[in-house]
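Listed below are the residues making up each chain.
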Amino acid sequence: MQLYRKVKALTGLSPVELLRQMRLQRAYSLLVSTTKTVSEVAYEVGFGTPGYFSKCFKKHFGKYPTQLRGE
């Protein structure tokens, strides 16, 4: 409980939200710099399913991972 309060006070995010945000940032870097599939990137950064990864990615960045690859 104390860890939760400290992390929330320092970052404004819960530990789970902070970890998810860090995973999404890493995924963004991988999608831009490698030719790995979206599924491979999702599993590499720690998401259990590519569908959930895509949903979180869209919520955070405003576009799906496949749209990022299309640019």
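Conventions used here
- One numbering rule holds for all chains: residues counted from 1, following each sequence as written.
- Residues qualify for local features only when their pLDDT is at least 70, as the model is predicted, and side-chain atom pairs are given and counted only at 80 or more; totals for whole chains, interfaces and linings, by contrast, use all residues.
- Water and hydrogen atoms were dropped before computing side-chain values, which therefore reflect all heavy atoms in the structure.
- Only DSSP runs of H or I with at least four residues qualify as helices, and only runs of E with at least two residues qualify as strands; both kinds are numbered from the N terminus onward.
- Residue burial is assigned from relative accessible area. The probe radius is 1.4 Å, only protein chains are included, and a residue is buried under 20% of its type maximum, exposed over 50%, and partly exposed in between.
- Any two residues whose heavy atoms approach within 4.5 Å are treated as being in contact.
- Note on areas: Shrake-Rupley, 1.4 Å probe, and residue coverage restricted to the protein chains presented here.
- For the charge count, each Lys or Arg is scored as positive and each Asp or Glu as negative, with His and the chain ends excluded.
- By convention, charge coordinates are those of NZ in Lys, CZ in Arg, CG in Asp, or CD in Glu.

Novice: Tell me about the overall build of the chain, residues and numbers included.
Specialist: Summing up its helical and strand segments, the chain has 5 helices and 0 strands in all. Secondary structure elements in the chain, listed N-terminal to C-terminal, are α-α-α-α-α. Its C-alpha atoms put the chain at 40 × 20 × 20 Å along the principal axes. Residue burial in the chain is summarised as follows: out of 71 residues, 24% are buried. Long-range pairs, those at least 24 residues apart, make up 39% of the contacts in the chain between residues at least 6 apart in sequence. With the model as given, the accessible surface of the chain reaches about 4900 Å², and the carbon-plus-sulfur share is 57%. Taken as two groups, the 12 positive and 4 negative side-chain charges of the chain have centres that lie 9 Å from each other.

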